[in-house]
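Architecture at a glance
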Amino acid sequence: MVEVQIWLQKILLGLARDDETTFGKAALRQSADALARAEAKLTLESEKQQIRALAAKIDEAARFVEAPTI
């Protein structure tokens, strides 16, 4: 489970960094959802911390991105 969560967070981080205007907010939302699921299922604190650290990077990458207007 932790390997999948790490992979997912890294992909979302890449999206948030590569095209923050298009994907920043969506990546942030998906990251938060995935983090919540991981926290509920993982038992080792060290694994949870790995996921939290990646999610924090996504938060930092997407922090100042405004949602596009339609």
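Structure shown above.
Cut-offs used in this document
- Residues numbered from 1 in each chain as written.
- Predicted model: local features only at pLDDT ≥ 70, side-chain atom pairs only at ≥ 80, totals over all residues.
- Heavy atoms only, no water.
- Helix = DSSP H or I, 4+ residues; strand = E, 2+ residues; numbered from the N terminus.
- Expected span 1.5 Å × (residues − 1).
- Buried < 20%, exposed > 50% of the residue type's maximum accessible area, 1.4 Å probe, protein only.
- Contact = heavy atoms within 4.5 Å.
- Patch = residues over 30% accessible without salt bridge, like charges linked within 9 Å, V, L, I, M, F, W, Y side chains within 5 Å.
- Areas by Shrake-Rupley, 256 points an atom, 1.4 Å probe, with all protein chains shown as cover.
- Salt bridge = Lys/Arg side-chain N within 4 Å of Asp/Glu carboxyl O.
- Core = buried A, V, L, I, M, F, W, Y, C linked by side-chain atoms within 4.5 Å.
- Arc of directions from axis to C-beta.
- Axes fitted to C-alpha atoms, helices over the stretch in contact; angles between N-to-C directions.
- Parallel < 35°, antiparallel > 145°, perpendicular 65-115°, else oblique.
- Left-handed = near helix turned anticlockwise from the far one by under 90°.
- Nonpolar A, V, L, I, M, F, W, Y, C, P; charged D, E, K, R; others polar.

1. With respect to helix α2 (residues 20-41)
In this model α2 runs 29 Å from its N-terminal to its C-terminal C-alpha over 22 residues, within 8% of the 32 Å that 1.5 Å per residue would give. Of all the positions in α2, only G24, A27, S31, A34, L35 and A38 are classed as buried. Packed against the buried residues of α2 are α1 (2-18) and α3 (45-62).

2. Thoughts on a nonpolar patch on the surface
On the surface, W7, I11, L15 and F23 cluster together into a nonpolar patch covering about 390 Å² of accessible area. The element that contributes the greatest number of residues to the nonpolar patch is α1, accounting for 3 residues. Secondary-structure assignment places I11 in helix α1.

3. A few points about the nonpolar core
In this structure, V2, I6, L35, A38, L42, I51, L54 and A55 together form the largest nonpolar core, which totals 8 residues. Of all the elements in the fold, those that place two or more residues in this core are α1, α2 and α3. When residues in this core are grouped by element, the largest group, 3 residues, is from α3. Non-local contacts of A38, meaning those with residues more than four positions away in its chain, are made with M1, Q5 and I51. Formed by 5 residues, the second largest nonpolar core is a distinct cluster that contains L13, A16, A27 and I58.

4. So, α3
Along an α-helix, a turn takes 3.6 residues, which lines up residues three or four apart on a common side. Across its 18 residues, α3 extends 25 Å between first and last C-alpha, which sits within 8% of the 26 Å expected from 1.5 Å per residue. Residues E47, K48, I51, L54, A55, I58 and A62 constitute the buried set of α3. Along the axis of α3, the buried positions cluster into a sector of 130 degrees, meaning they face one direction only. Those residues of α3 that are buried are in contact with α1 and α2.

5. So, the packing of α2 against α3
Contact pair α2 / α3: the axes reach a minimum separation of 9 Å and the direction vectors enclose 160 degrees. If you check the angle between α2 and α3, you find them roughly antiparallel. In terms of crossing hand, the pair formed by α2 and α3 is left-handed. Seen from α2, the contacting residues are E20, G24, K25, A27, L28, S31, L35, A38 and E39; seen from α3, they are K48, I51, R52, A55, I58, D59, A61 and A62. In the contact of α2 with α3, the residues fall into 9 nonpolar, 2 polar and 6 charged.

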